[in-house]
Amino acid sequence: MTSNSTRSSSAPLNSSPKTSGAAIGLGLESSCDETAAAIVVDGRTVLSNCIYSQIDLHRDYAGVVPEIASRAHLEIINGLIARALAEAGVGFGDLAYVASTSRPGLVGSLLIGLQSAKAIAFARGIPLVAVNHLEAHLYAPFLEGHELAHPYLGLLVSGGNTALYEVAGVGDLRLLGRTTDDAAGEAFDKISKFLGLGYPGGPVIERIARTARERRRIFAKILPEPRPDDYRFSYSGIKTAVINHLRQHPDEKTEEIVYAFQETALEILVRRLYAAARGRGIPRMVVAGGVASNGRLRELLEEHRLPDETVVIPSPVLCTDNAAMVAGLAYHYVASGRTDSLETDVHARA
Ligand code: KG4
């Protein structure tokens, strides 16, 4: 492998692992283009959070190439598991359970993480948990000390998913609505590609939008009319509107176009989330997934939040794909006896 980037964080940092009585879990994540391994204690304390990002491998294709992703996971995962254990100061013998994402995602990629977890579970005789990636994302803020009573609303916004859930308990997610076409992150990636700004689009669009001087909300007219109980999202309209606008006004400044795009793309999320919270009388919310690392989204959520509403968002390293969220969520499955057999399979869809 010639190009890659790895990062590692401990959030919150705790360099002296608990030993007696604590449940030390290993989490693995390989659903898309990040290989990740993490050690979490009691579903709360992150001892290590190692992430290998394949972005450089896929950049030339402006999207994730499934076979390249699977092969990179295969090369990386064993070394990453060793690093996660070493950074946490624990060994295989200390593990109380092992967990891996099993759905949704790229099947060839999911297989690498799940099969690695099965091998460890089999060799060590410890419980295996096959985790839903979407539920794991919504668990991320609880690794940073946030507390939220059930039920709460969970808005998941990433490159592959844009969906709103009512979360009634661990493993009890009720889908309220999802995108009918593109995911929010996918819209950022496609607009970025169209403008020749690179991949992934979200971070670059956020950075360029901040430099816009004239801050017109050119695309606000495509915002959906609020309708009770309609929690669907759509991003094909804004994508087409931006492309048509650029064709008609080729001289307009890139920063002003991406500012206008970002405002409306994010406002779609904020409107839907707060409409659902107020319509359903649930003032507690989690916003997670790669797009949740957007600073402007955080500002808009704060601007429109009512005093009795609580919105928790993970810090950026826990917004994008990571394995700490997998290990953390799995702790609660183990605690309630919901573990998986070694025959468990992966699934492209949740
Ligand atoms: O959750 P994630 O790491 O991977 C999955 O899609 O599962 O999310 C990646 C997505 C990409 O579409 C990327 O463009 C978007 O999240 N993203 C952002 C930002 N950072 C990442 N979108 C908007 N603003 C950002 N700052």
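Residues numbered from 1 in each chain as written. Predicted model: local features only at pLDDT ≥ 70, side-chain atom pairs only at ≥ 80, totals over all residues. Heavy atoms only, no water.

## A short note on the pattern of salt bridges
Stated precisely, the cut-off is as follows: Note on definitions: salt bridges are taken to be side-chain nitrogens of Lys or Arg within 4 Å of carboxyl oxygens of Asp or Glu. What counts as a helix is a DSSP run of H or I of at least four residues, what counts as a strand is a run of E of at least two, and both are numbered from the N terminus. Relative accessibility decides the category of a residue: with a 1.4 Å probe and only protein chains considered, values under 20% of the type maximum give buried, values over 50% give exposed, and everything between is partly exposed.
As enumerated under the stated definition, the model contains 22 salt bridges in all. Measuring nitrogen to oxygen at the nearest pair gives 3.3 Å for the salt bridge that ties Glu252 to Arg216. Here Glu252, found in the loop between helix H7 (236–248) and helix H8 (254–280), pairs with Arg216, found in the loop between helix H6 (201–209) and H7; they are 36 residues apart in sequence, far enough to count as distant. A relative accessible area of 31% places Arg216 in the partly exposed class. Ionic pairing is found between Glu267 and Arg271, a salt bridge with its closest N-O pair at 3.6 Å. Of this pair, Glu267 and Arg271 both sit in helix H8, separated by four residues, roughly a single helical turn. Of the residues examined, Glu267 reaches a relative accessible area of 12% and is grouped as buried.

## Digging into the site of the ligand
As a reminder of what qualifies: If even one non-hydrogen atom of a residue comes within 4 Å of a molecule or strand, that residue is called near it. Contacts described as polar in this section are N or O atom pairs within 3.5 Å, which, within protein, must combine one atom able to donate a hydrogen with one able to accept it, while residues neighboring in sequence count only if both atoms come from side chains. Working definition of accessibility: Shrake-Rupley area with a 1.4 Å probe, residue cover restricted to the visible protein chains. By the convention adopted, Pro, Cys, Tyr, Trp, Phe, Met, Ile, Leu, Val and Ala count as nonpolar, Lys, Arg, Asp and Glu as charged, and the other residues, Gly among them, as polar. For every domain, the bounds stem from an assignment made automatically or drawn from a database.
The full set close to the ligand counts 19 residues, and Gly159, Asp189, Gly202, Glu206 and Asn294 are the nearest of them. Between the ligand and Asp189, the relevant distance is 2.7 Å, taken from an oxygen atom to a side-chain nitrogen or oxygen of the residue. Between Asp321 and the ligand, the recorded distance is 3.5 Å, taken from a backbone N or O atom to an oxygen atom. When the ligand sits alone it has 550 Å² of accessible area, and the protein chains cover 89% of it. Where the shell around the ligand is concerned, the elements lending two or more residues are helix H5 (184–194) and H6. If you tally residues by element for the shell around the ligand, the top one is H6, at four residues. Along the lines of polarity and charge, the residues of the shell around the ligand split into four nonpolar, 11 polar and four charged. Domain assignment of the residues forming the shell around the ligand places at least three in each of domain 1 (5–139 + 320–335) and domain 2 (150–319).

## Digging into the nonpolar core
Condition: By nonpolar core is meant a set of buried Ala, Val, Leu, Ile, Met, Phe, Trp, Tyr and Cys residues that side-chain atoms within 4.5 Å join together. Contact criterion: two residues are considered in contact whenever any of their non-hydrogen atoms come within 4.5 Å of each other.
Counting 48 residues, the largest nonpolar core has Leu153, Leu164, Tyr235, Phe261, Leu269 and Val287 as the members making the most contacts within it. Listed by contribution, the elements that provide at least two residues to this core are strand E7 (152–157), H5, H6, H7, H8, strand E10 (284–288) and helix H9 (295–304). It is H8 that provides the largest number of residues to this core, a total of 14 residues. Those residues within four positions of Phe261 in sequence are excluded, and the remaining contacts are Ala187, Phe188, Ile191, Ile205, Phe219, Ile238 and Val242. Counting residues in hydrophobic clusters, the runner-up holds 34 residues, among them Val40, Leu134, Phe142 and Val286.

## So, the pairing of strand E9 (residues 172–178)
Applied cut-off: Note on pairing: DSSP must find at least two bridges between two strands before they are called paired.
In the sheet, strand E8 (residues 162–169) pairs with E9 via six bridges, with the strands oriented antiparallel. Directly across from Gly169, in E9, lies its bridge partner Asp172. From the end of E8 to the start of E9, which pair antiparallel, there are two residues, and Gly171 there has a positive phi angle of about 80°.

## Let's talk about the environment of Asn322
Looking at where Asn322 falls in the secondary structure, it is placed in the loop between helix H10 (316–319) and helix H11 (324–335). When the C-alpha positions of Asn322 and Leu80 are compared, they lie 12 Å apart, and in sequence the two are 242 residues distant. Setting aside residues no more than four positions away along its own chain, Asn322 makes contact with Glu29, Ala36, Asn49, Ile51 and Val317. A polar contact is formed between the side chain of Asn322 and the backbone oxygen of Thr320, at a distance of 2.9 Å. Of note is the side chain of Asn322, whose polar atom sits 3.1 Å from the backbone nitrogen of Ala324.

## Considering the sheet that holds E8
For clarity, the threshold we go by: Fitted lines through C-alpha atoms give the axes, limited to the stretch in contact for helices. The angle between two N-to-C directions lies from 0 to 180 degrees.
Taken in spatial order, the five strands make up an open sheet running E9-E8-E7-E10-E11, and their pairing is mixed. This sheet does not close on itself; its edge strands, each paired only once, are E9 and strand E11 (310–312). Each strand of the sheet is rotated relative to its neighbour by a mean of 25°, with strand direction disregarded. Relative to E10, E7 runs parallel, the two sharing four bridges. Bridging across to E10, Leu153 finds its partner in Met285. Sheet contacts for H8: E7, E8, E9, E10 and E11; angle to E7, the most-contacted strand, approximately 165°.

## With respect to the confidence of the model for the protein chain
Atomic detail in the predicted coordinates should be set aside for any region of low pLDDT. Just so we agree on the cut-off: On a scale of 0 to 100, pLDDT captures the predictor's confidence in every residue.
Counting all residues, the mean pLDDT for the protein chain is 93, and 94% of those residues have values of 70 or more. Low pLDDT (under 50) marks residues 9–19, which in the prediction has 21 contacts with non-local residues, meaning those over four places away or in another chain.

## Considerations on the domain arrangement of the protein chain
How we decide: A simple way to read buried area is as the amount of 1.4 Å-probe accessible surface that goes missing from two parts once joined, with both sides added.
Partitioning the protein chain into structural domains gives domain 1 (5–139 + 320–335) and domain 2 (150–319). The C-alpha centroid of domain 2 is placed 27 Å from the C-alpha centroid of domain 1. Buried area between domain 1 and domain 2, summed over both chains or domains, comes out near 1,700 Å², and the portion from carbon and sulfur atoms is 67%. Between domain 1 and domain 2 we count six residue pairs in polar contact (both at pLDDT 80 or more) in total. Elements represented by at least two residues in the side of domain 1 that touches domain 2 include exactly strand E4 (45–53), helix H4 (133–139) and H11. Counted by class, the side of domain 1 that touches domain 2 contains nine nonpolar, seven polar and five charged residues.

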